[in-house]
Structure formats: C-alpha cells, structure tokens
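Letter by letter, the chains look like this.
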Amino acid sequence: GLAFLFLLAGYEINPKHLTGSQGKRGLATWIVTLGLGFLAVRLTPYFSISHVDGIAVAIALTTTALGTLLPILKERNLMDTRVGESILAYGTYGELGPVFAMALLLSSRAEWKTVLILVAFIGVAVLAGVFPAKAKKAGGAVFRFLTANANTTAQTAMRVTVLLLVALSAIFDLDIVLGAFAAGFVLRYVIPEGDHDLEMKLDGIAYGFLIPVFFIASGAKINLSAVFTQPALLVGFIFML
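First things first, this report covers the structure right here in the doc. These numbers were taken from a predicted model, which means no experiment stands behind them. (Residues numbered from 1 in each chain as written. Predicted model: local features only at pLDDT ≥ 70, side-chain atom pairs only at ≥ 80, totals over all residues. Heavy atoms only, no water.)

The next subject is the overall build of the protein chain. A count of helices and strands for the protein chain gives 13 helices and zero strands. Helices and strands in the protein chain line up, N terminus first, as α-α-α-α-α-α-α-α-α-α-α-α-α. Counting the 241 residues in the protein chain, one finds 36% classified as buried. A sequence separation of at least 24 residues applies to 73% of the contacts in the protein chain between residues at least 6 apart. Total accessible area on the protein chain stands at roughly 13600 Å², and carbon and sulfur atoms take up 69% of it. (Helix = DSSP H or I, 4+ residues; strand = E, 2+ residues; numbered from the N terminus. Buried < 20%, exposed > 50% of the residue type's maximum accessible area, 1.4 Å probe, protein only. Contact = heavy atoms within 4.5 Å. Areas by Shrake-Rupley, 256 points an atom, 1.4 Å probe, with all protein chains shown as cover.)

Here you go:
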C-alpha cells in the first residue's frame, strides 16, 4: 500500500517541476524549512539535534505528505488547476527532500553507495525533464510494446509496472518510499502523455484495496498510551508541521 501510494505520487510529478522556476523555488523553500525544523528541534527539550531521533524529527517536519495530498487533489478535480500545479511543484521537493535525507540518515549501506543511487535517481528525473521530446520518443516505443496485450488476461502493462516497483525497491535495496518514487518517475518517462486505461487500473488496485490497508495498518500501530502520556508533544508537533 505504501509502495503504491508513492508510485502514484512519483507518476503524477512532472519532471519540469524539478527543473523549472517553480521547482527552484520549491527547493529553496524546502531548504529554508529544513533549517527551521532543526531550529525547532534545538529549542525542544524532548529531542537533541546530535542524536538520530532529533535529526529524524527535524527532517519529518519538512515533509508535505504529497502521497496523502494527491487523493484529495484528485477528488476535488484540482490536479490540472493552478493550485494543483503549485502544490505539486512545491510538494515535489517537500517529499523528495525528506525521502533523500532519511535514506542517507537511516541507510544500512555504505554512504557512497546510497549517494550513488540517489544521484542516478535524480539523473533519470532530470533527463526526462530536460529532454522531453527524446523521452517521449523512447517511451512511446516501449509503451507500444507493453500495451500490445494490456487489456487481455496477460495484463502486460500492469504486470510490468508492479515488476518495476518491486525491482527498483528490492534489487537496488532502496528505501521502499524512494524505490516507489523512482518507479513512478520511470513509469512517467515511459508514458509521458499518460494512459487512461493503465491509470484506471492502478487507481483501482491502489486506492481501492492496497492503500486503505496501509492506512488501517498504520493507524493500528499507533501507541495511544504513549500519545496520551505526552499530549502536548503531539499538539506541538502538529503545530510545527
């Protein structure tokens, strides 16, 4: 469910949002909020910026929860409006920034391997944005092959999408969120103009089944006794967000 949530988030992000003027402002805004996050943690007695938990909280304070916002934007038909495009532009870095930072902070691999994977991920996204015509041409050829049996029992496009998600998350040993984001970016690279039938199928299996299960499981794991022990911390955290 988590993987599909961020697969769809990565799929909705236009690579131009990373390289255009809005993208640059989004990156600058995220850097500023990261500084404010560390300042908030520094002034909070519960955490320390010299420990992993404090650093993780500072990073978490900068997230835009784009994966959660997308269903809301879709339900309100705001995706293609100026408001929706602005949220995606700023939310892209507000989601990628924390994901990259957490991947570096919590990675079980050597740091140079993590950095190499992140650089490769960014490179694919930037190339798709800088050379959209070539991406469209290359993606079109691949997509025509995949859609030959897309609506038969073979369901090639759907199966390859899931395989892509699993491969990028498992073979490269990526963080599940980062791997799902990467899969979404690559999928958008393959079909830059989008495909209504595939999107309907992805929405059905994701929003109709897997994503609700993820949120139910996440809610069930909340330690309510811990929350009620320090309610001021929860309120303060929401306020800082």
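For the rest of this paragraph, the subject is the packing of aromatic side chains. The tally for this structure, following the rule as stated, stands at one aromatic pair. Centroid distance phenylalanine 214 to phenylalanine 215: 5.1 Å. Interplanar angle 55°. Geometry classified as tilted. What makes phenylalanine 214 partly exposed here is its relative accessible area of 22%. Overall, phenylalanine 215 belongs to the partly exposed group, its relative accessible area being 39%. (Phe/Tyr/Trp six-rings, centres within 6.5 Å; stacked < 30°, edge-to-face > 60°.)

Right, let's talk about the pattern of salt bridges for a bit. Side chains that carry opposite charge are capable of pairing whenever their charged atoms lie near each other. If you walk through the whole model with that rule in mind, you get one salt bridge. Here lysine 74 and aspartate 203 are joined by a salt bridge, their closest N and O atoms 3.5 Å apart. Of this pair, lysine 74 sits in helix α5 (residues 66-75) while aspartate 203 sits in helix α11 (residues 196-220), and the two are 129 residues apart along the sequence. (Salt bridge = Lys/Arg side-chain N within 4 Å of Asp/Glu carboxyl O.)

Generally speaking, nonpolar side chains in soluble globular proteins are found buried as a group. Ranked by size, the top nonpolar core spans 31 residues in total, and within it Leu165, Phe181 and Leu202 carry the most contacts. Breaking this core down by element, the ones donating at least two residues are α1 (2-12), α5, α6 (82-106), α9 (156-170), α10 (176-190) and α11. Broken down by element, the residue count for this core peaks at eight residues, all from α1. Ignoring anything within four residues of it in the chain, the contact list for leucine 165 reads Ala3, Phe4, Leu7, Ala180 and Ala183. (Core = buried A, V, L, I, M, F, W, Y, C linked by side-chain atoms within 4.5 Å.)

Further remarks concern unusual backbone geometry. Of note, asparagine 77 is a non-glycine position whose phi angle comes to about 55°, a positive value. Structurally, asparagine 77 is set in the loop between α5 and α6.

What follows concerns the packing of α5 against α11. It is the contact of α5 with α11, at a shortest axis distance of 13 Å, that shows an interaxial angle of 135°. In this view, α5 runs oblique relative to α11, as classed from their interaxial angle. With respect to the hand of their crossing, α5 and α11 are arranged in left-handed fashion. Touching Thr68, Leu70, Pro71 and Lys74 of α5 are Asp203, Tyr207 and Phe215, all from α11. (Axes fitted to C-alpha atoms, helices over the stretch in contact; angles between N-to-C directions. Parallel < 35°, antiparallel > 145°, perpendicular 65-115°, else oblique. Left-handed = near helix turned anticlockwise from the far one by under 90°.)

The next subject is the side chain of glutamate 95. Looking at where glutamate 95 falls in the secondary structure, it is placed in helix α6. The side chain of glutamate 95 is buried and forms no salt bridge, while lysine 74, the nearest opposite charge, is found at 14 Å. In contact with glutamate 95, not counting residues within four places along its chain, are Phe6, Thr63, Thr64, Ala65, Leu66, Gly67 and Phe181. (Lys, Arg positive; Asp, Glu negative; His and termini not counted.)

What follows deals with α11. In this model α11 runs 34 Å from its N-terminal to its C-terminal C-alpha over 25 residues, within 8% of the 36 Å that 1.5 Å per residue would give. Tyrosine 207 marks the point of greatest bend in α11, at about 40°. Within α11, the full set of buried residues consists of Leu198, Leu202, Ala206 and Ile211. (Expected span 1.5 Å × (residues − 1). Bend = angle between axes of the 7 residues up to and from the residue.)

Moving on, we get to the side chain of threonine 92. Following the sequence through the fold, threonine 92 ends up in helix α6. In this structure the side chain of threonine 92 is engaged in a polar contact, spanning 2.4 Å, whose partner is the backbone oxygen of leucine 88. (Polar contact = N/O pair within 3.5 Å; in protein donor to acceptor, adjacent residues only side chain to side chain.)

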